[in-house]
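# Chains, contacts and geometry: an overview
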Amino acid sequence: MRVGIGYDAHKFKKGRRLVLGGVDIPHDQGLAGHSDADAVAHAVTDAILGAAGLGDIGRLFPSHDPRWKNADSINLLNQAFLKVVEAGFQFVHADVTIVAEHPRLAPHIDAMQDRLADALLAGPAHISVKAKTNDGMGWIGRGEGVAALAVAVLEEPKEPRLSSGLTGLE
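Cut-offs and rules
- Here the residue numbering is sequential within each chain, running from 1 through the sequence in written order.
- Only residues with pLDDT of at least 70 get local features here, since the model is predicted, and only at 80 or more are side-chain atom pairs given and counted; chain-wide, interface and lining totals rely on the full set of residues.
- Side-chain measures here rest on the full set of heavy atoms in the structure, leaving out hydrogens and waters.
- Only DSSP runs of H or I reaching four residues or more are called helices, and only runs of E reaching two or more are called strands; each is numbered from the N terminus.
- A contact between two residues is defined here by any heavy atoms of the two lying within 4.5 Å.
- Residue burial considers only the protein chains on display, and all accessible areas are found by Shrake-Rupley using a 1.4 Å probe.
- Just so you know, the count uses Lys and Arg for positive and Asp and Glu for negative, and it drops His and the chain ends.
- Think of each charge as sitting on NZ of Lys, CZ of Arg, CG of Asp or CD of Glu.
- Orientation is described by axes fitted as lines to C-alpha atoms, over the contacting stretch for helices, and by angles from 0 to 180 degrees between their N-to-C directions.
- Oblique is the label for every angle not falling under 35 degrees (roughly parallel), over 145 degrees (roughly antiparallel), or within 65 to 115 degrees (roughly perpendicular).
- The working definition used for a salt bridge is a side-chain nitrogen of Lys or Arg within 4 Å of a carboxyl oxygen of Asp or Glu.
- Burial classes: relative accessible area under 20% of the type maximum marks a residue as buried, over 50% as exposed, and values in between as partly exposed (1.4 Å probe, protein chains only).
- Strands qualify as paired when DSSP identifies two bridges or more between them.

## Digging into the overall build of the protein chain
Counting secondary structure elements, the protein chain contains five helices and seven strands. In the protein chain, the order of α-helices and β-strands from amino to carboxyl end is β-β-β-β-α-α-α-β-α-β-α-β. Each principal axis of the C-alpha atoms in the protein chain carries an extent, and together these give about 75 × 35 × 25 Å. Long-range pairs, those at least 24 residues apart, make up 71% of the contacts in the protein chain with a sequence separation of at least 6. Of the roughly 9000 Å² of accessible surface on the protein chain, 53% is carried by carbon and sulfur atoms. Charge-centre separation for the protein chain: the mean point of 17 positive side chains lies 5 Å from the mean point of 21 negative side chains.

In C-alpha cells:
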C-alpha cells in the first residue's frame with residue numbers, strides 16, 4: 001500500500017462561483033485561482049499523485065499554462081488518476097477534510113463524495129468527505145477562504161514473481 005497527503009487552500013473572491021468537490025455551492029463568493037479553484041479536488045489530486053510518486057498537481061497542470069485557465073478540477077483529478085493507473089496503481093480510498101467557516105457544507109457532502117468517486121472510477125464508499133470550521137480562529141475563521149486536506153491510499157503494482165533459480169528442473 002502507498003499513502004499520499006494533499007493540501008490546498010484558496011481565498012474567497014467576489015464574482016466567482018464556489019466549487020468544492022466538483023459541486024457548485026451557493027455562496028456570494030467563489031475561490032480565487034487559475035482553474036475553478038476547487039480546493040477539495042486539488043487536495044485529492046495531490047494525495048493520489050503523491051501516493052504514486054508522481055509529483056503534484058502543479059507539475060501536471062501548471063498555473064502559468066493558459067490551457068488550465070478556469071479548468072474543471074474534477075476533470076483534472078480524473079486526468080491525474082489516469083496517470084496513476086498508467087503507473088500501475090489501484091485506488092483504494094481517500095479521506096478529505098474541508099475547513100471553512102462558511103458556507104455550511106454538510107448538505108453538499110454526499111454530492112461531493114459522488115463527484116470525487118466518479119473522477120476516481122470508484123464507488124462513493126471509497127471516499128470520505130468531512131467539513132469542519134476553524135472556530136473563528138485565523139484566516140479561515142475570519143471567513144477569508146477555504147482549505148482542504150486529503151489522504152489517499154493506493155495499492156502498489158504487483159511485482160513480477162522471482163524465479164526459483166532452478167533452471168530446467170521446474
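Having put the structure on the table, let's press on.
## Considering the packing of helix H1 (residues 39–52) against helix H3 (residues 73–86)
Where H1 contacts H3, the axes come no closer than 9 Å and their chain directions differ by 10 degrees. When the interaxial angle is binned, H1 and H3 end up roughly parallel. Contacts between H1 and H3 involve Ala41, His42, Val44, Thr45, Ile48, Leu49 and Ala52 on the former and, on the latter, Ser73, Ile74, Leu77, Ala80, Phe81 and Val84.

## Some remarks on the pattern of salt bridges
Counting across every chain of the model gives six salt bridges. For aspartate 65, the salt bridge is made with arginine 67, and the minimal N-O distance between the two is 2.7 Å. A relative accessible area of 14% means that aspartate 65 is categorised as buried. Judged by relative accessible area, which is 60%, arginine 67 ranks as exposed.

## Here we look at the sheet that holds strand S6 (residues 127–132)
Sheets are built from strands that pair by backbone hydrogen bonding, the pairs being arranged parallel or antiparallel. Across the sheet, which stays open at both edges, the five strands sit in the order S4-S1-S7-S5-S6 with mixed pairing between neighbours. At either end of the open sheet lies a strand with only one pairing partner, and these are strand S4 (30–31) and S6. Pairing of strand S5 (residues 90–99) with strand S7 (residues 145–155), which is carried by nine bridges, proceeds in the antiparallel orientation. Residue pairing in the sheet places alanine 94 in a bridge with alanine 152 of S7. Sheet contacts for helix H4 (residues 109–119): S5 and S6; angle to S6, the most-contacted strand, approximately 140 degrees.

## So, the environment of lysine 158
Position of lysine 158 relative to the elements: it lies in the segment after S7. Remark: the alpha-carbon pair of lysine 158 and glycine 88, spanning 70 residues in sequence, is separated by 8.3 Å.

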